Amino acid sequence: MHRSIGFYLRIYGKILVQDIKSKMSYRSDFIISTIGMICTNIAGFVSFWILFQNFPSVDGWGYYEMLFLYGFSLVSLTPVQCLFDNNWSLRIYVYSGDFIKYCFRPINLFFYYQSEIFDIKGLGQLAFGIGTLIYAWAKLGLPVTVLMILKMIVFLITASLIMIALQNAAAATCFWIQNSFYVLDLVFRFKDYAKYPITIFSPVFRFIFTFLMPIAFIAYYPSLVILRPDEIPLLSWLSPVIGLVFFYLSYKFWMYGAMKYSGTGS
Amino acid sequence: MKNSTENAIVMKGIVKEFKVLNRREGLKGSILDLFSRDYRTVTAVDNISVEIPKGQIIGYLGPNGAGKSTTIKMMTGVLEPTRGEILVNGCVPYKNRTKNAENIGVVFGQRSQLWWSLPLIESFRLLKEIYLISEEDYREMLDLFRSLVDIEPLLHKTVRQMSLGQRTLSDILAAFLHNPDIVFLDEPTIGLDVSMKAKIRTLIHALNQEKHTTVILTTHDMGDVDALCRRIVIIDKGKMLYDNDIAHLKGFFGSYRTLKVRMDGDLQAHAEEIRKEVDFSVSADEEWISILVDEEKEKVLDVLGRLQHTHNIRDMQLEEISTEEIIKKIYEEGVE
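Reading the values: the criteria
- Each chain carries its own residue numbering, running from 1 in the direction its sequence is written.
- Here every chain gets a letter starting at A, and every ligand a number starting at 1, in the order they are written.
- Where totals are concerned, whole chains, interfaces and linings use all residues; where local detail is concerned, this predicted model gives features only for residues with pLDDT of at least 70, and gives and counts side-chain atom pairs only at 80 or more.
- In DSSP terms, a helix is any run of H or I states spanning at least four residues, a strand is any run of E spanning at least two, and both are numbered starting from the N terminus.
- We compute the radius of gyration over the C-alpha atoms and compare it with the globule rule, which gives 2.2 Å times the number of residues raised to the power 0.38.
- Note on contacts: each residue gets a C-beta atom placed from the backbone, and two residues are in contact if those atoms are within 7 Å.
- Gly counts as polar in this scheme, as do all residues outside two lists: the nonpolar Ala, Val, Leu, Ile, Met, Phe, Trp, Tyr, Cys and Pro, and the charged Asp, Glu, Lys and Arg.
- Domain limits in this description derive from either an automatic procedure or a database domain assignment.
- Strand pairing is assigned whenever DSSP identifies at least 2 bridges connecting the two strands.
- All axes here are fitted lines through C-alpha atoms, helices being fitted over the stretch that makes contact, and every angle between N-to-C directions spans 0 to 180 degrees.
- Exposure classification rests on a simple neighbour count of other C-beta atoms within 10 Å of a residue's own: a residue reaching 20 or more is buried, one at 12 or fewer is exposed, and one in between is partly exposed. C-beta atoms are placed from the backbone.
- One number per residue, pLDDT, summarises how confident the predictor is, and it ranges from 0 to 100.
- By definition, a nonpolar core groups buried Ala, Val, Leu, Ile, Met, Phe, Trp, Tyr and Cys residues that connect through C-beta atoms lying within 7 Å of each other.

Undergrad: I'd love a proper account of the overall build of chain A, names of residues and values included.
TA: Of the regular secondary structure elements, chain A holds 11 helices and 0 strands. Of the regular secondary structure in chain A, the N- to C-terminal order runs α-α-α-α-α-α-α-α-α-α-α. Here the C-alpha radius of gyration of chain A, 20 Å, is about what a compact globule of 266 residues would show, namely 18 Å. Based on the C-alpha atoms only, the size of chain A along its principal axes is roughly 60 × 45 × 35 Å. In chain A, the share of contacts with a sequence separation of at least 24, taken over all contacts with a separation of at least 6, comes to 79%.

Encoded structure:
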């Protein structure tokens, strides 16, 4: 029996519909968490706006360019929020031994585990991010062509893959160490720097954010392709490849940990 | 000699060793451990050979840490044995993990494998997709379930809202849904009340009869074994202690009952006194004094009657002989 990508998409779709249905049935929980998400986004935006009342530009980046970067990071962080939220619980399942229950199905373990949770709150962030992007796009007077939109989509996917990869790798550390929460938390704190142009950091951090913890690929390098078509560094063009490679490596790392885990713990 | 195609599971000289890090003490020790190569080898399963014919219900017994879970994990393809041969439905499970997973069903104790927030019927529909069950087979199986247990009230309940008994029942049904050749049930009746235990045993028995499913049942509960298994395998400390008909073992231990009594005061001291009065092995924990009575020598009620004269008994219980006690007896006296 062969299980194709179509098979996995169909399964995911079914789980998704059921999950959303059941979340809706806990109405107050759903409403409160939605309000929470809206507040978080508004607070994030307000602090961004206050910053720009005092500094009209950051290292040569104007208000609308920065807004573009901000919106870009919000959108590219949505998939990790919506689709891979179960990574946050991984260490709990591993520690309690409950992770074993995912090991007996004839489907991909990584898929099966991640598909269990869809975090609907991320959709608010997506809407907010898209709104910001469109607004900044219009204010910057960027051309609206098929090619531009295509580029935009490709680079948004790229950026998402990098963030997912970072989170996968951080979550999978729980297969080896007990306090893996701090690793995951650290990665998530660093992602806040993704919305700034990397040129404002010192060379040391520039190196870290490009090669070690590649958050510069979440918004900065991909955005350059749209915003500064005259001065695109090689790293920007390479970012789709880097995104795919990082995602693949993190997946392999996660699966390696999972296979190793099932050997221990009863 | 049985042909291997008639066997659901064949294991020959299976050994599973784990490397365990020798941990050091203190903060300094735990930092050193990160770089340590100081391992020792622990043998979880030691030279186990067993053949399980199709359609049998096998009781797989042993105390905690005996290696039961490790064996089950090797049979399900989650673990690779260190040495030895293993065939499940004619193929090597760890090499064909996905293919093997299609032909088995697993219920692991109280860890529900169903979708926590979905109604049971939706979990069933998802499993139908995952195991590529045809519409016809799916309906037929649901009809069978309906004829065996009253599932209608459960179908639209989410697993989250179910009681432990309902959840276990649902998990067992889910494990049989894709009509697998083998179903592994790990402690299916743990923590359940007597009537639910009986219900679950009846269900397992009926499904085995209807579908000729091989069932590997790990349990602590001799009641489960009594109700379901004709053959039992006992392991302890990774080694096989016993593999035979349950009738054989019952002939040996069938006359044993555990009489548990509760009384005021220091139980250890009371146990010491009782040891002098009766000719059986006596032990005490914080709540109960347990006396393993051989009814061929003296009836349980007679023992109780005698104790009532000498002690102020506040409460009593009667239990079947436990797995631990059987293993103790096998060590002490052997099985012949």
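Moving on from the coordinates now.
Undergrad: Would you mind going over the interface of chain A and chain B in detail, with residue names and values included?
TA: Every contact between the two is made by 20 residues of chain A and, on the other side, 22 residues of chain B. The residue inventory of the side of chain A that touches chain B, partitioned by class, reads 8 nonpolar, 6 polar and 6 charged.

Undergrad: Requested: an account of the domain arrangement of chain B, with residues and values cited.
TA: Many descriptions give the size of an interface as the accessible area lost when the pieces come together. Partitioning chain B into structural domains gives domain 1 (4-13 + 46-251) and domain 2 (256-320). Distance between the C-alpha centres of domain 1 of chain B and domain 2 of chain B: 37 Å.

Undergrad: How would you sum up the sheet that holds strand β4 (residues 83-88) of chain B? Please name residues and give values.
TA: All names here are of chain B. Taken together, the 3 strands give an open sheet; going across it, the order is β2-β1-β4, and neighbouring strands pair in antiparallel fashion. Of all strands in the sheet, those with a lone pairing partner are β2 (39-53) and β4, marking the two edges. Ignoring strand direction, the axes of neighbouring strands in this sheet form an average angle of 25 degrees. Two elements, strand β1 (residues 7-21) and β2, share 11 bridges in a ladder whose sense is antiparallel. What sits directly across from Val 10, in β2, is Glu 51.

Undergrad: Describe unusual backbone geometry, and please don't skip the residues or the numbers.
TA: Residues and elements named next belong to chain B. The phi dihedral of Asn 47 falls on the positive side, at around 55 degrees, and the residue is not glycine. Overall, the presence of 14 C-beta atoms within 10 Å leaves Asn 47 in the partly exposed class. The phi dihedral of Asn 179 falls on the positive side, at around 50 degrees, and the residue is not glycine. With respect to the helices, strands and loops of the structure, Asn 179 is situated in the loop between α7 (164-176) and β6 (182-186). With 20 C-beta atoms packed within 10 Å, Asn 179 lands in the buried category.

Undergrad: Before we move on, could you go through helix α4 (residues 120-130) of chain B and cite the residues and values that matter?
TA: Considered for burial, the residues of α4(B) that qualify are Leu120(B), Glu122(B), Ser123(B), Phe124(B), Leu127(B), Lys128(B) and Ile130(B). Backbone geometry just downstream of α4(B) places Leu132(B) in the positive-phi region, at approximately 50 degrees.

Undergrad: Give a detailed account of the confidence of the model for chain A, specifying residues and quantitative values.
TA: Per-residue confidence for chain A averages 86 on the pLDDT scale, and 97% of its residues sit at or above 70. Per-residue pLDDT, averaged within each element of chain A, yields its smallest value for helix α2 (residues 27-54) of chain A (83) and its largest for helix α5 (residues 109-115) of chain A (93).

Undergrad: So what's going on with the nonpolar core? Residues and values would help.
TA: With 136 residues, the main nonpolar core has Ile162(A), Ile172(B), Phe184(B) and Leu217(B) as its most contacted residues. Looking at which element gives the most residues to this core, the answer is helix α7 (residues 146-172) of chain A, with 13 residues. Both domain 1 (4-13 + 46-251) and domain 2 (256-320) of chain B contribute no fewer than three residues apiece to this core. Not counting residues within four places of it along the chain, the set of residues in contact with Ile172(B) comprises Val107(B), Leu185(B), Pro188(B), Ile200(B), Leu203(B) and Ile204(B).

Undergrad: Just give me the short version of the environment of Val300(B), but keep the residues and values in it.
TA: Residues and elements named next belong to chain B. Secondary-structure assignment places Val 300 in helix α12 (residues 300-310). In the structure, Val 300 is positioned 18 residues away from Leu 318 in sequence and 8.8 Å away in space, judged by C-alpha atoms. Residues contacting Val 300, with those up to four places away along its chain left out, are Arg 257, Leu 259, Val 293, Glu 295 and Leu 318.

Undergrad: Just give me the short version of the pairing of strand β7 (residues 214-219) of chain B, but keep the residues and values in it.
TA: Residues and elements named next belong to chain B. Taking burial as the measure, the 6 residues of β7 include 6 buried ones, the bulk of the element. Residues Thr 214, Ile 216 and Thr 218 line one face of β7 and the alternating positions Val 215, Leu 217 and Thr 219 line the opposite face, and both faces are buried. Relative to β7, strand β3 (residues 57-61) is paired through 5 bridges, and the arrangement is parallel. Bridge pairing in β7 places Leu 61 opposite Thr 219. Bridge analysis of β6 against β7 gives 5 bridges, and the strand direction is parallel. Residue pairing in the sheet places Asp 186 in a bridge with Thr 218 of β7.

Undergrad: Outline the sheet that holds strand β9 (residues 239-245) of chain B, supporting the account with residue identities and numerical values.
TA: Residues and elements named next belong to chain B. Here we have 6 strands laid out as an open sheet, ordered β5-β6-β7-β3-β8-β9, and mixed in their pairing. Two strands close off the open sheet at either side, each with one partner strand: β5 (104-108) and β9. Recorded for the sheet is a direction-independent mean angle of 15 degrees between the axes of neighbouring strands. Packing against the sheet, helix α2 (residues 68-75) makes contact with β3, β6, β7 and β8 (231-236), and its axis sits at approximately 155 degrees to β6. The strands that α7 touches are β5 and β6; relative to β5, the one it contacts most, it runs at about 165 degrees.

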